[in-house]
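A look at the structure
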Amino acid sequence: MWSVSDEALLDGFASGDPEAAAAFVRRFQARVFGLARTIVGDPTSAEEIAQEALLRAWRHGAAYDRRRGRVETWLLSITRNLAIDHLRLRRTEAMDPDSMSAREAMFMRAPEDPGGAARHEVTALRNSLALLPPEQRRALLMAALWGFTAIEISEIEGAPVGTTKSRIRTAMLKLRGESGVADAG
Amino acid sequence: MPASGGCEEIRALAPELAVGTAAGDERARALEHVAGCGECRRYVEDLSSLADELLLLAPAEEPPAGFESRVLRELETPPRRRTRVLVPALAAAVAAIAAAAAVWMVSGDDRDLASRYRETLATANGKYLAAAPLAAPGGRRAGIVFGYEGEPSWVLVTVDEGESPPPGRYRVQAITERGERIPLGHVRVAREGGSGGEAIPVHFHDVSEVRLLGPGRGNVLGAEF
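Residues numbered from 1 in each chain as written. Chains lettered and ligands numbered in written order. Predicted model: local features only at pLDDT ≥ 70, side-chain atom pairs only at ≥ 80, totals over all residues.

**A closer look at the overall build of chain A**
When you go through chain A residue by residue, the secondary structure sums to 9 helices and 0 strands. The N-to-C order of helical and strand elements in chain A reads α-α-α-α-α-α-α-α-α. Within the span of chain A, comprising 185 residues, buried residues form 39% of the whole. A separation of at least 24 residues holds for 58% of the contacts in chain A among residues at least 6 apart in sequence. (Helix = DSSP H or I, 4+ residues; strand = E, 2+ residues; numbered from the N terminus. Buried ≥ 20, exposed ≤ 12 C-beta atoms within 10 Å, placed from the backbone. Contact = placed C-beta atoms within 7 Å.)

Following this line, the structure appears as structure tokens:
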């Protein structure tokens, strides 16, 4: 079963095959839970989010379109959106910049599973991310991972909204390898 | 072909579209543009894939013991498939929706209903009209959300009269089957209820839920499709 591709496993999972379902959950549960934990922090909430993400993958597996990305990124984007929804319902006070830095450091730490996030292209992306100026990296991750709006990021960082937007834009274009990208403040 | 100025604007906005920080009106404008511009669509898709790749960097972590069996137990329950409730629309435009709801409730002649429904959809180049109850926190019904699959697709929200949900300005969001949140403007809710609707920048058949996010913590109403 472990040699089955992610796409084939998702097909079996979504069609109700119990063996495929068990293999699918086993293959992705650590990645899904790890991302949920990275975003919301609290392990109990992360477990609920991870469970709901896998249930949604099961319900909507038939709608997965491989042209729009890998199964893993599709599943993780479902997880991220659920985790961001969870945070938005519970955010009652402004995020402390130090807390944000600690979360960012946790995110940037070396992966523990060599078969997963240490794949070559992911390692290259991590290296490119590490080379970004800290304020650009933090603005990008706060938007892409934690779901903060540009206004929220500017409030946490104490920077104008226009600067925040420039930081996100510059960071994305640098990661994409576009040359001649001017640095944002 | 879209104007070059449009392309420049969308390409400048693409990073924000990819990470989800673009404002609702910007996102709607961009989606309209990329629908007719393959080059910009590929550029936005490229950056969106890059933003999704960032998720792969999160450290994997084994969930607590028993997680796998809990998930698999949930999967043994047959998936809840919501049946789309088809209702007749009397005209092609959004203005017809209130009348459509009225006919849905009073007409008993199924054949006449089906005939008018088909005729309306043919006129409006639509596929179907769906309705789902809008649930307040705790599960109480607070109104109805209508959705229309056509060109364009649209959504109309009606909130019932009463003390709950609390009055105020509610943000409306469509949640796609992929979990993307698409901002759809606002609905003003008073004690007498409230309603509002608009064309949406995606196909309605891609929408799995419509949410109203109101004032106050946890004040979220939802309708699942």
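**A closer look at the interface of chain B and chain A**
The accessible area lost on association of the parts is a frequent measure of interface size. Facing the 39 residues of chain B at the interface are 58 residues of chain A. At the level of elements, helix H1 (4-19), helix H3 (38-53) and helix H4 (67-76) of chain B are the ones that each hand at least two residues to the side of chain B that touches chain A. The element contributing the most residues to the side of chain B that touches chain A is H4 of chain B, with 7 residues.

**Quick notes on helix H9 (residues 161-175) of chain A**
Along an α-helix, residues three or four positions apart point the same way, because every turn accommodates 3.6 residues. All names here are of chain A. Helix length check: H9, at 15 residues, gives a terminal C-alpha distance of 21 Å against a target of 21 Å (1.5 Å per residue), a fit within 8%. Thr164, Lys165, Arg167, Ile168, Arg169, Thr170, Ala171, Met172, Lys174 and Leu175 are the residues of H9 that are buried. Count one or two residues on from H9 and you reach glycine 177, which has phi positive near 85°. (Expected span 1.5 Å × (residues − 1).)

**Thoughts on helix H2 (residues 24-34) of chain B**
Taken together, the buried positions of H2 of chain B are Ala28, Ala30 and Val34 of chain B. With its buried residues spanning 165° around the axis, H2 of chain B presents them on a single face. (Arc of directions from axis to C-beta.)

**Regarding the nonpolar core**
By size, the foremost hydrophobic cluster in this structure holds 66 residues, and its most contacted members are Val32, Ala36, Ala53, Leu75, Leu140 and Ala143 of chain A. Among all residues touching valine 32 of chain A, those that are not within four sequence positions of it are Ala50, Ala53, Leu54, Leu75, Leu76 and Thr79 of chain A. (Core = buried A, V, L, I, M, F, W, Y, C linked by C-beta atoms within 7 Å.)

**A closer look at the confidence of the model for chain B**
Residues and elements named next belong to chain B. Predicted confidence across chain B gives a mean pLDDT of 76, with 76% of residues reaching 70 or more. Contacts for the low-pLDDT stretch residues 1-5, under 50 throughout, to residues beyond four places or in other chains number 4 contacts. Confidence drops under a pLDDT of 50 for residues 79-109, and excluding neighbours within four residues, the segment shows 47 contacts in the predicted structure. Across the assembled chains, the prediction reports ipTM 0.89 with pTM 0.64. (pLDDT = per-residue confidence, 0-100.)

**A short note on the packing of helix H2 (residues 18-40) of chain A against helix H3 (residues 43-60) of chain A**
When two helices pack together, their arrangement is given by the angle between their axes and by how far apart the axes lie. Residues and elements named next belong to chain A. Contact geometry for H2 and H3: axes closest at 8 Å, N-to-C directions at 135°. Put simply, H2 runs oblique to H3. Two packed elements cross with a definite hand, and for H2 against H3 that hand is right-handed. On H3, the residues touching Val25, Gln29, Val32, Phe33, Ala36, Arg37 and Val40 of H2 are Pro43, Ser45, Ala46, Glu47, Ile49, Ala50, Ala53 and Leu54. When the residues that make up the contact of H2 with H3 are grouped by side-chain class, the tally is 11 nonpolar, 2 polar and 2 charged. (Axes fitted to C-alpha atoms, helices over the stretch in contact; angles between N-to-C directions. Parallel < 35°, antiparallel > 145°, perpendicular 65-115°, else oblique. Left-handed = near helix turned anticlockwise from the far one by under 90°. Nonpolar A, V, L, I, M, F, W, Y, C, P; charged D, E, K, R; others polar.)

**Concerning the pairing of strand S2 (residues 141-149) of chain B**
Moving residue by residue along a regular strand, the side chains alternate between the two faces of the sheet. Residue and element names in this part refer to chain B. The buried count for S2 comes to 7 of 9 residues, which makes it a mostly enclosed element. As judged from the 8 bridges shared by strand S1 (residues 128-135) and S2, these two strands associate in the antiparallel manner. Bridged to proline 133 within S2 is isoleucine 144. Where S1 hands over to S2, the hairpin turn is made up of 5 residues, of which glycine 138 adopts a positive phi near 100°. Inspection of the sheet shows S2 paired to strand S3 (residues 154-159) by 6 bridges, in the antiparallel sense. Within the sheet, the bridge partner assigned to valine 145 lies in S3 and is valine 157. Between S2 and S3, which pair antiparallel and follow one another directly, the connecting turn spans 4 residues. (Pairing = 2+ DSSP bridges.)

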